[in-house]
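# Chains, contacts and geometry: an overview
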Amino acid sequence: MAELAALEDPRARAVNERHGDDHGVNLGKLRALAKRLKTQQELARRLWETGDTAARLLAMLVCRPKAFGRDELDAMVRQSRAPKVHDWLVNYVVKKSPYAEELRLAWSADPDPVVASAGWALTTERVARKPEGLDLAGLLDVIEAEMKAAPDRLQWAMNHCLAQIGIDHPEHRARAIGIGERLQVLKDYPTSPGCTSPYAPVWINEMVRRQQA
């Protein structure tokens, strides 16, 4: 914790806090620290228990993802309010867990929109990597009905799923683009030069263009 405190940079904190992340540690330096520490599951648990955002990010980098129990992961995702912690927990830990599918189903229907967004992130992973058994048309039905009014984090996750369906599944592409055009979600999102807009119709068309290039 002392080492993390020494890495604190007020300018980095100011930037991160604009995105809801209350820490000021450069992520490159955090990864270098994790590389030195290597995998240490017990240390990861203790870092998580501090509740400190930088410590929890470090925990995600030194943990053994498959060592967490189902209920432990469920509790962790409910404690993850900083967007970066939530994102790393889902992507670096839960996706590698043997409980990922069970948690995907449970979280997708959760009344807490942040927890539900984790379920949608896991669904997007399945859309891309293991779509067998998924009802893609049914997912589009839910997105069409609920995405427009969803809170920000949940809306973002549903929009990513919409785009992924359109990118990876040509038979659903026209409908996915149509839903995006009707709902207009993230159409005006500020996008840096050289980056792809998160607006689903633009995102889908650009990624398909790259695949076909």
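Report follows, based on the coordinates.

How each quantity is defined
- Residues numbered from 1 in each chain as written.
- Predicted model: local features only at pLDDT ≥ 70, side-chain atom pairs only at ≥ 80, totals over all residues.
- Heavy atoms only, no water.
- Helix = DSSP H or I, 4+ residues; strand = E, 2+ residues; numbered from the N terminus.
- Buried < 20%, exposed > 50% of the residue type's maximum accessible area, 1.4 Å probe, protein only.
- Contact = heavy atoms within 4.5 Å.
- Polar contact = N/O pair within 3.5 Å; in protein donor to acceptor, adjacent residues only side chain to side chain.
- Core = buried A, V, L, I, M, F, W, Y, C linked by side-chain atoms within 4.5 Å.

## As for the environment of T124
Assignment of secondary structure puts T124 in helix α9 (residues 113-129). The class of T124 is buried, set by a relative accessible area of 6%. Sequence separation between T124 and R45 is 79 residues; the distance between their C-alpha atoms is 27 Å. Ignoring any residue separated from it by four or fewer positions in sequence, one finds T124 in contact with A157, H160, C161 and Q164. A distance of 3.5 Å separates a polar side-chain atom of T124 from the backbone nitrogen of C161.

## Observations concerning the nonpolar core
A general trend in soluble globular proteins is that nonpolar side chains are found buried together. With 32 residues, the main nonpolar core has L58, M60, L89 and W107 as its most contacted residues. Listed by contribution, the elements that provide at least two residues to this core are α3 (27-37), α4 (41-49), α5 (53-62), α6 (70-79), α7 (83-93), α8 (100-108) and α9. Broken down by element, this core gets its largest block of residues, seven residues, from α5. Those residues in contact with L58, other than ones at most four positions away along the chain, are L4, L30, L33, A34, L37 and L47.

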